[in-house]
Amino acid sequence: MNNAAPKHLTIIGAGLAGALLATLLARRGWQVDVYEKRGDPRQQGYQGGRSINLALAERGRHALRLAGADDAVMAQAVMMRGRMVHFLDGRTDLQRYGRDDSEVIWSVHRGELNLILLQIAEDAGAQLHFHRGLHSVDFERRLAVFHDDRDGSSHEIVFDSLVGADGAGSALRGAMKQAADLGERTEFLGHSYKELEIPPAADGGFSIEPNALHIWPRGRYMCIALPNDERTFTVTLFLPNEGEPSFASVRSGADARALFERDFADALPLIPQLEEDFERNPTGLLATLYLDRWHLDDRAVLLGDAAHAMVPFHGQGMNCAFEDCVALAERLLADDDRARAFAEFQARRLPSARAIQAMALENYLEMRDRVDDDDYLLQRALERE
Ligand code: FAD
């Protein structure tokens, strides 16, 4: 690529990372086309399949500030000062993340966040193309084929470079694998999750402390709950896939009620639709995706979950994806040699992503096993002195 080449980029996926990267580059005068397999959620409502809300940390907010999205996102965010641990006997303990409210994290609604990011991307000049699911790529001819799920029609485009922001099941990664060995491996955790909902209290307010990430640690398994600005909480039940209890043994709404009566008794009255939620909502798998290579010279690069999906226990997948966007935009703006920009992006971000993936796995043990451990609580209390 030389200096005279037009600064054009084709992004696959208008999720969290795709929309943010589009904004960062469009604001700097780049022509950006974003292809998204779903319809426009601003017209038909958000249809995301998983994790209704997300913990946003400072590293993610930094990226949102650079994109001019922080104010809009924070207007609907709920502050979480620390973990509220719910013990088996009904006692609770708030373990603060920092000394004061300058060290907190925020709960944001995935759908609302996506809508905000899409709007600022479009306002910045990015072209968003909905109902365009990447189907296949001819890297020799730099041709990408998209399918429209409404009528099955195919649409072909010519590209300079593709950015894969199309999530853990990335179709671009699938196409890149056919052209080069990416060193891909996926490690399944052996645990899955199910989302449930705590509605507002009778007076319309939150039914438990809103400014906390609630955890019910129970050894090999746990529940968490994050607040939403409409006064609800999204509860996530994490269970092993095998053993007792597990998603193999807790199969029906009645099984879930029995589990909650035994292990999450103080949460049970808060979830009036427990049986319905349990039977209606999908069971999500959890895995870590490792790649040794994120790019194909100057033709394609992966970021966010497409490059390094991780288990959600450190609450950093989106935050890490946002940091990727900032790092990639910086390299692209600084260097007209795209192959070098992609290689430097990978060199800078791959080790960080690996470290965060390891921390996310480690934090699962901590959240489910250790946050209610007496020695651990004593140590945390001393740290707070
Ligand atoms: P995605 O958000 O998955 O977006 C991918 C986009 O690409 C979607 O819009 C999709 O429709 C589109 N797409 C897919 N295939 C194609 C195709 N073939 N063609 C065109 N478009 C396509 N992270 C946090 O930071 N904090 C948390 O608290 C947190 N909690 C989580 C809880 C759970 C249960 C889970 C599963 C994840 C959690 N994460 C959290 C991780 C976070 O959800 C991801 O890291 C984040 O969504 C990654 O963003 P992304 O843009 O890379 O991918």
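This text follows the structure it describes.
Here the structure is a predicted model, which means the values were calculated and not measured.

Trainee: Quick rundown of the packing of helix α1 (residues 16–26) against helix α5 (residues 110–123)? Include the residues and the values.
Mentor: α5 packs onto α1 with a crossing angle of 25° between their chain directions and a minimal axis gap of 8 Å. Viewed along their axes, α1 and α5 adopt a mutual orientation that is roughly parallel. The handedness of the crossing between α1 and α5 comes out as left-handed. Here L16, A19, L20, A22, T23 and A26 of α1 come into contact with α5, specifically with L113, N114, L117, L118, I120 and A121.

Trainee: Kindly report on the pairing of strand β16 (residues 233–240), identifying the contributing residues and their values.
Mentor: Extensive coverage of β16 is indicated by the burial of seven of its eight residues. Sheet topology note: the strand β13 (residues 185–198)/β16 ladder contains eight bridges and is antiparallel. Pairing of H191 across the sheet is with P240, part of β16. Across six bridges, strand β15 (residues 222–227) lies against β16 in antiparallel orientation. Looking across to β16, one finds that C223 is bridged to L237.

Trainee: Any details on the nonpolar core? Residues and values, ideally.
Mentor: Among the nonpolar cores identified, the biggest contains 110 residues, and L20, L21, L172, L303 and C325 are the most heavily contacted of them. Look past the residues within four positions of C325 in its chain and what remains in contact with it is A17, L20, L21, L24, A63 and L303.

Trainee: Kindly report on the packing of α1 against helix α10 (residues 317–334), identifying the contributing residues and their values.
Mentor: Where α1 contacts α10, the two axes come as close as 9 Å, and the packing angle between them is 30°. What the angle tells us is that α1 and α10 run roughly parallel. The two elements α1 and α10 cross, and the hand of that crossing is right-handed. Together, L16, A17, L20, L21, L24 and L25 of α1 and M318, A321, F322, D324, C325, V326, L328, A329 and L332 of α10 make up the contact between the two elements.

Trainee: I'd like a rundown of the sheet that holds strand β18 (residues 295–296), residues and numbers included.
Mentor: Across the sheet, six strands lie side by side as β8-β2-β1-β12-β19-β18; this open sheet has mixed pairing. Both edges of this open sheet fall to β8 (127–129) and β18, since each of them pairs with a single strand only. Relative to strand β19 (residues 300–302), β18 is paired through two bridges, and the arrangement is antiparallel. When the bridges of β19 are listed, L296 appears paired with A300. Against the sheet, α1 touches β1 (8–12), β2 (31–35) and β12 (162–164), its axis set at about 170° to β2. Those strands touched by helix α6 (residues 171–179) are β1, β12, β18 and β19, and its axis lies near 125° from that of β19.

Rules used in this analysis
Residues numbered from 1 in each chain as written. Predicted model: local features only at pLDDT ≥ 70, side-chain atom pairs only at ≥ 80, totals over all residues. Axes fitted to C-alpha atoms, helices over the stretch in contact; angles between N-to-C directions. Helix = DSSP H or I, 4+ residues; strand = E, 2+ residues; numbered from the N terminus. Parallel < 35°, antiparallel > 145°, perpendicular 65-115°, else oblique. Left-handed = near helix turned anticlockwise from the far one by under 90°. Contact = placed C-beta atoms within 7 Å. Buried ≥ 20, exposed ≤ 12 C-beta atoms within 10 Å, placed from the backbone. Pairing = 2+ DSSP bridges. Core = buried A, V, L, I, M, F, W, Y, C linked by C-beta atoms within 7 Å.

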